[in-house]
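One-letter residues, chain by chain:
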Amino acid sequence: MLFSLFPSAHQVACAWKQNERQSKIASLPAIYSTPLSSSEEKIHALSISQLVSQCQSGTIAPSAIMMAYAKKTLLAQQATNCVADIMFEEALLIPPVANWAPGVDSESVNDDAIRERSLLGVPVSIKDTVDIEGHDSTVGFSSNVGRPATTSSAIVRLLQDEGALVHVKTTVPTGLIAIETASDVYGRTTNPYSPAHSAGASTGGGGALVACGGSKIEIGTDLAGSVRIPAHFCGVWTLKGSSGRFPSWGTKSSMMGLESIPIVASPLAGNLADLREFWKRVVSAEPWQYDHTCIPLPWKDINLQDEGRKLKWGVVRDDSSLPLSPACERALSMVISALKKKGHEVVVFQPPDMTEGLNIGNQLLFSDGGQQIRNALNPGDKVTPATKAVLDLFNIPKLIKKILAYLIRSSDPASSELLNIMHTKTVVADRDNVAARDIYRAKWHKKWTEEGLDFVLTSPMPTPAIENGSSLKTTLMSAGYLFLFSLLDYTAGVLPVTTVDKALDRLPHDFTASDEYKRFSPVAKIACSVYDAEKMHGLPLGVQIIGRRLEEEKVLEGMQVIETALCEQGSSFVNQVKL
C-alpha cells in the first residue's frame, strides 16, 4: 500500500511530457493567442507555390507566415489536443530562413541563395515518430520520454535545407497500431469536426492539425493506413507512396526492423494541389541524396486529362471482412457516377482473395507475437482497446485457440481463421509467409494486367470516424481496405468527397432484423453497432484510389481526375472546420 502512494515511472514521464508541452505554450508571447489579422488570414489562404514565390521575392517574411500558422496551431491544440511538441521559434533559426531578407537579388548571392529553396516558408508539421534533433520521438511510449533524437531524419534535413518551417510535432497513439489516437503520454486527440469522434490513427494528430489549418503539410508514416485513416476521418488529402519513393530513414516505429510490410513516410495536405506540389518539390530535391533507402527516380509530370484518354477504374466494394456503411457506400457511388458521366470505364473488380492477403499480412505484422510493443511498455502504460485485443490474443495458449477456432468455425469463419494463425512465428514460418506474400503480389499483378486497369477504387474504411473509445468494436480488421495495399506496396491516395448526411445515410429502422444483417459475421455485427448516421452527421467521407507500385505521379493525377469529375457535377468537398 505504501508504494502505491508514490507515482510510477510511467506516471512521472507522462506528467513531465505534458508539463513540458504546456510550459512551451504558456511561455509564448501573448501575440500568439490573438486572432489572426486580416493580413495573416490572407497569408494563411496562400498555396504552397504562392508562399514560396512570395517568400523568395521578399513580399512575405517567413516570420509572418510562422505567426499565422502558429496561431492556427494553438487553436487546433485547444480544439483537438493534436500537438506533441512546439518549435515555432526554432523553425525560424534554420539558415535559409534566418538569412532571409526582403528583395534579395538572386544574381548577387552565392549558390546557397534563398531563391533556390523550393519549400521556403512552407509550414510543415512532423509526426511524433519522425526524428528531429533535440526532440523526443516517443512512439506514444512513456519509456521514450526524455530521450531526444541526436540527429534529424532524412525528410527533416531535406525540408530544412529547402527552407520549410518545421514548427511542431504531432500526437500518436501508444505503439501506433491503432484506429484512434490516444495515449497516456499525450492524452486523446479528437476529430476537428466532432470532439466525440476519433481523428484516426496513428497520424491522427497530424490529420487533425492539417484539417484545422495549423500546418500546410504533415509528415506522417503509414504501415496499415496510418495516414489514410486520418485523411478519411478528418477530411484531408494524402498519398502513401511505395517504399523507397519518399524519404523515410530516421523514423521510429513500434516494430523497428520489420521489412516484410513497408513502413513509409507520407504527407497529408489540406488540398490536392498542395499535396501534389509538395510531392513534386520533395522528389525534385533528390531525396536519395539524404536517404540511402530512396530510389533515385526523378519526378515525371503526367497529365491524364490533357491526354483525353478514358481511364479504366476497377471498384472493390467489399474486403470480405466488414461491409461498407451506407455513408461510405454513398461516397464511393458518388465518385463512380461522376467518372461514368465523364466517359470513363468503371467496372467491378474481383481481385485475388482478399482474405488470403489479409491473413498473410496479419501474420507478417505480428510475427513476433506483439513482443516488441510489450517490451516498450512501462508498467501502467496502456495501448488502445483494439490493439490490446490483438495482444491479448497472443496470450491465449495455442491449444486453447485451436479449440475455440474449431467451435466457431461454422458461425464465424474469419475469426476462426485468425485464432488458428495468430501466434508467434518461428524464423522459418516467417520466411514462408514472406514467400506467400510474394506469390500473392504476383497474383495481383497478373489480375490487374489482365483486366487492363488504370486504378482501383475502394472506400478507405467501412465507416466514417468512429466515436472515441469504440475501436474495440470495429477492431483492426476495419483497416483491411488499407492494410492490403501496404502489403502489396502499391501507391494509394485518399481524398475527401462529401460528409455524412443523417437523412441519406441512416440504416433502416429494422435493419438488425433484415436478412442482410443476419448474414453478417459476429465481428461485422459488432462493428455495425458503432455506425450511427445521426451522431456522425457532418463527418467527412473519403475514397481511396490505388495505383501500382511507384505510380505516385499517376495516382495524384487520378485523384485530380476524380476531383474534376465531382466538381463538374457540383460535388466539391469543402473544409467545414471552424476555429
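In the nomenclature of an unreviewed UniProt entry, the protein chain corresponds to Amidase domain-containing protein from the organism Psilocybe cyanescens. Checking UniProt for the protein chain, the heading Sequence similarities (unreviewed entry) contains the comment "Belongs to the amidase family."

Can you help me understand the sheet that holds strand 3 (residues 165-170) in this one?
Taken in spatial order, the 11 strands make up an open sheet running 1-3-2-8-10-9-14-15-13-11-12, and their pairing is mixed. Two strands lie at the open edges of the sheet, namely strand 1 (83-86) and strand 12 (345-348), each paired on one side alone. Pairwise comparison of adjacent strand axes, ignoring direction, gives a mean angle of 30 degrees for this sheet. Summarising the sheet, strand 2 (residues 123-127) and strand 3 pair through five bridges and their orientation is parallel. Bridged to S125 within strand 3 is V168.

What am I meant to see in the UniProt feature "active site" (unreviewed entry) in the protein chain here?
Within this structure's numbering, the places UniProt gives as "active site" (unreviewed entry) are K127, S202 and S226. For the residues just named, distributed over 100 residues, the greatest C-alpha separation is only 10.9 Å, placing them together at one site. Setting aside residues up to four positions removed in sequence, S202 forms contacts with K127, T171, V172, P173, L176, A178, T181 and S226. Within the fold, S226 resides in the loop between strand 8 (217-222) and helix 9 (228-234). With sequence-adjacent residues up to four places away left out, S226 is seen in contact with K127, A201, S202, T203 and T221. Within the structure, S226 has its side chain in polar contact with the side chain of S202 (distance 3.2 Å).

Looking at this model, I keep getting lost on helix 15 (residues 385-395). Mind explaining?
Residues that lie three or four places apart on an α-helix share one face, since the helix turns once every 3.6 residues. For helix 15, the complete set of buried residues consists of A386, T387, V390, L391, L393 and F394. Along helix 15, the residues classed as buried sweep out an arc of 150 degrees about the axis, all on the same side. Considering only its buried residues, helix 15 is in contact with helix 14 (371-376), helix 16 (398-408), helix 17 (413-421) and helix 19 (471-474).

Can you help me understand the domain arrangement of the protein chain in this one?
By a frequent convention, interface size equals the accessible area lost on bringing the separate parts together. Domain assignment breaks the protein chain into domain 1 (31-104 + 116-289) and domain 2 (312-396 + 428-569). Using C-alpha coordinates to define each centre, domain 1 is positioned 24 Å away from domain 2. The interface of domain 1 with domain 2 comprises 54 residues on the first partner and 68 residues on the second. A salt bridge links D184 to K382, with the shortest nitrogen-to-oxygen separation between them at 2.9 Å. Joining domain 1 to domain 2, the criterion identifies 32 residue pairs in polar contact (both at pLDDT 80 or more).

When you look at the packing of aromatic side chains in this model, what are you seeing that I'm missing?
Aromatic ring pairs are defined here through the distance separating the ring centres and the angle between the ring planes. This structure, assessed with the given rule, holds 13 aromatic pairs. Relative to F485, the ring of W444 has its centre 5.7 Å away and its plane inclined at 85 degrees; by these criteria the two rings are edge-to-face. Placement of W444 in helix 18 (residues 427-451) and of F485 in helix 20 (residues 480-487) is noted, with a sequence separation of 41 residues between them. F485 matches W444 in its accessibility class, with the two residues each being buried. On the basis of an interplanar angle of 70 degrees and a centroid distance of 5.7 Å, the ring pair of F511 and Y517 is categorised as edge-to-face. The pair formed by F511 and Y517 is uniform in burial state, with each residue classed as buried. One aromatic cluster is present, formed by F349, W444, W448, F485 and Y490 through successive ring pairs. For the cation-ring pair, K554 lies above F455, with the distance from its terminal atom to the ring centre recorded as 5.5 Å.

How each quantity is defined
Residues numbered from 1 in each chain as written. Predicted model: local features only at pLDDT ≥ 70, side-chain atom pairs only at ≥ 80, totals over all residues. Heavy atoms only, no water. UniProt positions renumbered as here; feature names shortened; annotations may be inferred. Pairing = 2+ DSSP bridges. Helix = DSSP H or I, 4+ residues; strand = E, 2+ residues; numbered from the N terminus. Axes fitted to C-alpha atoms, helices over the stretch in contact; angles between N-to-C directions. Contact = heavy atoms within 4.5 Å. Polar contact = N/O pair within 3.5 Å; in protein donor to acceptor, adjacent residues only side chain to side chain. Buried < 20%, exposed > 50% of the residue type's maximum accessible area, 1.4 Å probe, protein only. Arc of directions from axis to C-beta. Domains from an automatic or database assignment. Salt bridge = Lys/Arg side-chain N within 4 Å of Asp/Glu carboxyl O. Phe/Tyr/Trp six-rings, centres within 6.5 Å; stacked < 30°, edge-to-face > 60°. Lys NZ or Arg CZ within 6 Å of the ring centre and 35° of its normal.

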